[in-house]
Amino acid sequence: MRGTRRRFTLPLIALVLVTLIAASVAAQSTTATIRGKVTNEKGASIPDAEINAVSTTTGFVQTVHARSDGAYTLGGLTPGLYQIVVASSGYEPKSQDVQVLVGQNLDLDLKLTPTAVLSESITVVGNQAVETRTHEQATNVTPAQMEALPQAERNFLNFAQLSPGISISRDPQRKTINADALPAEQTNVFIDGISFKNDVLQGGVVGQDSSGGNPFPQNAVQEFRVITQNYSAQYDHASSAIITAVTKSGTNQLDGRAFVLLQPKSFVTQTTQRFEFESLSSNPDYHRTQGGINVGGPIVKDLLHYFLSYEGDNQHATQTVTVPSQFNSIFGKFNGVFPAPFKSNLGFGKLTWEPARNQFVDFSGQYRHEDEIRDFGQQIAQAAETRLNNSVYDVTARHQFNTNDTLNQLSLSWQWYRWNPIAANPTQVGLDYQGAIRIGGNSTTQDFKQRRLELRDDYNVATLKGAGDHNIQVGANVDFMKYDVTKFQNGNPVFHFRQDPANGFTFPTATDPIGVPFQVEYGFGNPKIGATNREQGIYGQDNWTVNPNLTLNLGLRWDYESNQIDTGYVTPAAIVQGLTGKVDPAYFSTGSNRHQFKGAIQPRLGFSYDLSGAGKSVIYGGAGRYYDRIFFNSTFDERYRQQFPLFNINFRPPGSDPAKFPNTVEWNPKFLDPANLNAQIATGGNPPQIFLLNSNLKPPYANQANLGFRQAIATWIGSVSYNYVRGYRGLTFVSASGLCCASLVPGFGSVILNDPEGKKTKYDGIHLSLERPFVRANGWGATVAYTHAKAQQTGNDLFSLDFPSAAAYGFHDVPGSEKEHLVLTGIVGLPWAIQFSALGNFSSGPAFNVLDFSKGFDLAAREQTHPFSRSIYPAKTFGPFSQRNIDLSLKKDFGITHGASIGLQADAFNLFNWTNLGCLQNFIPPEGNPNLGQPTCVTELGRR
């Protein structure tokens, strides 16, 4: 195995070393490119013309010279406003201001005359360049939109909803994004070109799994780009959407800003239909304060700048514990309103340096830490609370070097992530009185750590000739990963009770303060597990301008991981012996028969065809394959469940007939002491589960294709596209016995296997967008993003235990997917320098699969009713939409003195206090459910 690793590592290292010595054009992940030709008034090429891109804020200058045919390329431009200065002997130097956005690849032909410079083949609104010829299905979120549009949380990822095909999580404790029927785990976010992929947990982005916090200070994010289809080969570890963000930098002007946002309880209104546990207005002590400051400026003008930012969020929230009224006489003492505070601190710092006109260097660091009290409320008592610590730290150094024809971008980063929920009362055993309340301490304390050391390089040569012009880009990355996990899964036992006195199972009584449980869940052993991994990728792509009308983007990427599945694991001999002949031998690992997947070859093709050659009417599209990865928490269970087994002990009432309750232990209050549970488990009568991974397990991937049309009309740009995505090999587990959860091996419990075919997804969507960029000189801007889609999958979530395989589920609607989604925004400059903005969201509502077990729970009954085969949606109460929301913002700045000002801003969220219903009852037991489809929560809070 060591030799195999060397064969894969050496070529990669060689490529990285070559790119360090050479020089290249821009990786589009964090920069922009302007290219074109310089001609005279007669259309003849002007060779050796000098083109300078001068940043109007930093003074940094990038200079190139036109080649013999007049062609030029300005690559690696940090997004922002540039003065493009063109000069050539015999012509008067002229200039033009252009605002470029992240990821743009703009064609700007320059025509010199003795008296003027004219631009062609580019659409400009105000001074903002609009990209029309890209093959990507992409949306740029501009600095003006981030500054103006209302947003309750200051989470920059929420603005991703301005892109068709994107869904934003409504869960306040899991702020994620997803796209194209694929889960959030299959997205990736790059900030300044650095991957923020979450390798160990769900959520797609580090810090976003089970967290109410924000990934990055919004006042440090300049802008970002959302790419949902047909992105280039430089992007790795994503088969769904990509977000690439650029941070702010200091400028030649000292600039500082500070803000304080306040939301007292009196600013929160109850929705018209009350689900009290969902509303902040039920919290008597609720108030929220967000504050931040950022400052940037020159250390050495035109040479060295700094930027610093901080944002804090302090929520004095509470949770209400409410016992159903019929149980108040027993458990009423647990009712009440209890503190559930949330605190977050986000910091970012950056130094930018231009040592020469053809070099650019920056150093940056990020700090994120948040604390939250959670995991109680409703029918869970306060003692079950956990204290969540969530932290992300990042340090990055980047270097860029360019010549007339090449540009190289190199980055080195170190990132550390920790997710650490701690049970506040780990010595109080959990007592779950079903239907009434769950009391006692939380069952589990966890500590997940991920360390990423990443070296990334992108090298581009422009322009090579051959049946047109070729912009060749190659690149590589190598990430050295380390994962450390401590997981006390049910390390604090939880006893389950049901009110069934006819069979001897009871809640507390006057003579029995505990009652008689029917089961306990308990785990113990060695909670620590860890691994190292090396992720490496290599790619090449050709941005080929075949002629003035047709551009092709041809890309090929290959990724490899040294330890994506547990290579050295050896399946215990007792398990192999007991399952031989019952499961595929591929589920038995010998420690040498597992081979890491080497087939992540990803061809990608994109094209754009300019119908007129003027950049106004463009047909675009493409197709490709995109590989993702499997997160660590989903694969380590086969080892972890053997070293920290989870036991389920079933009880029978004291003095009852064992024949009536087979495979049970007589209840005795002594079992409330974990030491006595350990002694009982030592008798061998309560076997742990077996988890097995197929040794041929492969990572998930998606095949994507799209076809669209883009049109520029005056100051508007619109597009419509059809988007096709087919996802394969989504990880999910099934029961080896065909239906959960029979024991197949003496001394062990149920056997859980990963489905070798995995889950499949289908997405067919029509995406429509319309935009008039907001430019202050024009007074107003607006956007429309509309999605009409059908998203389906096989299987369930990570566990598909309702049928023998994921395929047996058949295709059904993806839970939470929306058929229709419309997002509208507007920014308007009003008299007296007042700025007004609005953001509206209208949706058909999330899908809920109907779990129809009306005929029973055995396999024959399930096959008859076929749970998951149909879906229900919230009732439509507003035309075709069941969910709707409008947020507004008014802002005005007042000048004070010496360039300083103070601003007042008022935001209103869910202005019309619309009630958006969710959490539909979707379970049909054999006795039926007369409340099928009835909501039990709201998905949007009332007016705030």
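Small disclaimer: the values here were computed from a predicted structure and weren't measured.

### What to know about the environment of alanine 245
On the secondary structure map, alanine 245 appears in strand 18 (residues 242-247). The class of alanine 245 is buried, set by a relative accessible area of 1%. On a C-alpha basis, the gap between alanine 245 and valine 576 in space is 49 Å, while along the polypeptide they are 331 residues apart. Contact partners of alanine 245, with chain neighbours within four places excluded, come to Phe156, Phe190, Ile191, Asp192, Val221, Glu223 and Phe224.

### What to know about the sheet that holds strand 43 (residues 733-735)
The strand order across the open sheet formed by 3 strands is 40-44-43, and the pairing between neighbours is mixed. What marks the edges here is a single partner per strand, and that holds for strand 40 (690-692) and strand 43. Averaged over all adjacent pairs, the angle separating strand axes in this sheet is 25 degrees, with direction ignored. Note that strand 40 and strand 44 (residues 751-754) share 3 bridges and pair parallel. By the bridge assignment for strand 44, phenylalanine 691 is matched with isoleucine 752.

### Let's talk about a nonpolar patch on the surface
On the surface, a nonpolar cluster with roughly 780 Å² of combined accessible area is contributed by Tyr609, Leu611, Ile619, Leu707, Phe709, Val720, Tyr722, Ile766, Leu768 and Leu770. With 3 residues, strand 45 (residues 759-772) is the largest single contributor of residues to the nonpolar patch. Given a relative accessible area of 31%, phenylalanine 709 falls into the partly exposed group.

### Let's talk about the sheet that holds strand 18
Here we have 5 strands laid out as an open sheet, ordered 12-17-18-15-16, and mixed in their pairing. Each end of this open sheet is capped by a strand with a single partner; those strands are strand 12 (137-141) and strand 16 (194-195).

### Quick look at the state of the cysteines
Applying the stated criterion to the full structure yields 1 disulfide. Between the sulfur atoms of cysteine 919 and its disulfide partner cysteine 937 the distance amounts to 2.0 Å. Judged by the sign of its S-S torsion, about 80 degrees, the bond between cysteine 919 and cysteine 937 is right-handed. Linking cysteine 919 in the loop between strand 55 (917-918) and strand 56 (923-924) with cysteine 937 in strand 57 (residues 937-938), this pair joins segments that are 18 residues apart in sequence.

### A word on unusual backbone geometry
Residues other than glycine seldom take positive phi values, yet serine 210 does so here, at roughly 55 degrees. Backbone geometry places tryptophan 832, a non-glycine residue, at a positive phi of 65 degrees. Structurally, tryptophan 832 is set in the loop between strand 48 (820-830) and strand 49 (834-843). Among the residues examined, tryptophan 832 registers a relative accessible area of 72% and is labelled exposed.

### Concerning helix 6 (residues 674-681)
For an α-helix, the turn length of 3.6 residues means that residues three or four places apart are oriented alike. Considered for burial, the residues of helix 6 that qualify are Leu677, Gln680 and Ile681. Projected onto a plane normal to the axis of helix 6, the buried residues spread over an arc of 100 degrees and lie on a single side. Of the surrounding secondary structure, the elements contacted by the buried residues of helix 6 are strand 32 (494-497), strand 33 (519-523), strand 38 (646-652) and strand 39 (665-666).

### With respect to the pairing of strand 37 (residues 617-627)
Of all 11 residues in strand 37, 8 are buried, a share of seventy percent or more. Pairing of strand 36 (residues 600-610) with strand 37 involves 7 bridges; the strand directions are antiparallel. Residue pairing for strand 37: phenylalanine 607 is matched across the bridge by glycine 621. Connecting strand 36 to the antiparallel partner strand 37 that follows it, the hairpin turn spans 6 residues, and glycine 613 within it adopts a positive phi of roughly 85 degrees. The sheet contact formed by strand 37 and strand 41 (residues 701-713) spans 11 bridges and is antiparallel. Paired with tyrosine 626 across the strands is alanine 702, a residue of strand 41.

### Considerations on the pattern of salt bridges
What the rule picks out here adds up to 41 salt bridges. A salt bridge links glutamate 818 to arginine 170; the shortest N-O distance between them is 3.3 Å. Of the two residues, glutamate 818 sits in the loop between strand 47 (812-813) and strand 48 while arginine 170 sits in the loop between strand 13 (166-168) and strand 14 (177-179), which places them 648 residues apart along the sequence. Here the salt bridges do not stand alone but share partners, grouping Asp199, Arg452, Asp479, Glu535, Glu561 and Arg629 into one network.

### Structural notes on the packing of aromatic side chains
Taken as a whole and assessed by the stated rule, the structure comprises 45 aromatic pairs. Seen from their ring centres, tryptophan 558 and tyrosine 560 are 6.0 Å apart, and the 10 degrees between their planes marks the pair as stacked. Here the two residues tryptophan 558 and tyrosine 560 agree in accessibility, since each one is buried. Members of the aromatic cluster, each reached through a chain of ring pairs, are Trp419, Phe448, Tyr483, Phe488, Phe632, Phe636, Tyr640 and Phe644. Positioned over the ring face of phenylalanine 505 is arginine 498, at 4.8 Å from the centre of the ring. Across the ring face of phenylalanine 811, the terminal group of lysine 762 is positioned such that the distance to the ring centre comes to 4.3 Å.

Analysis parameters
- Counting from 1, residues in each chain are numbered in the order their sequence is written.
- Reporting of local features is limited, given that this is a predicted model, to residues whose pLDDT is at least 70; pairs of side-chain atoms are given and counted only at 80 or more, and all residues count toward the totals for whole chains, interfaces and linings.
- The basis for the side-chain values is all heavy atoms of the structure; hydrogens and waters are excluded.
- In this text, helices come from DSSP runs of H or I with a minimum length of four residues, and strands from runs of E with a minimum of two, each type numbered from the N-terminal end.
- Relative accessible area decides the class of each residue, using a 1.4 Å probe on protein chains only: under 20% of the type maximum gives buried, over 50% gives exposed, and in between gives partly exposed.
- Here, residues are in contact when the closest pair of their heavy atoms is within 4.5 Å.
- Pairing between strands is defined by DSSP: at least two bridges between the two strands are required.
- Angles run from 0 to 180 degrees between N-to-C directions of axes, and those axes are lines fitted to C-alpha atoms, restricted for helices to the stretch in contact.
- Surface patches are defined over residues having more than 30% relative accessible area and no salt bridge, joining like charges when they lie within 9 Å and nonpolar side chains (Val, Leu, Ile, Met, Phe, Trp, Tyr) when within 5 Å.
- Values of accessible area rely on a 1.4 Å probe in the Shrake-Rupley scheme; residue burial ignores everything except the protein chains shown.
- By convention in these notes, a salt bridge is any Lys or Arg side-chain nitrogen within 4 Å of a carboxyl oxygen on Asp or Glu.
- The disulfide criterion used throughout: a pair of cysteine sulfur atoms within 2.5 Å.
- Working note: the arc is built from the helix axis to C-beta atom directions.
- Think of it this way: a Phe, Tyr or Trp ring, Trp meaning its six-membered ring, pairs with another when their centres are within 6.5 Å, and the plane angle makes it stacked under 30 degrees, edge-to-face over 60, tilted otherwise.
- Placement of a positive charge over a ring is assigned whenever Lys NZ or Arg CZ falls within 6 Å of the ring centre and within 35 degrees of the normal to the ring plane.

So, to be careful, I would describe these as geometric facts and stop short of saying anything about function.
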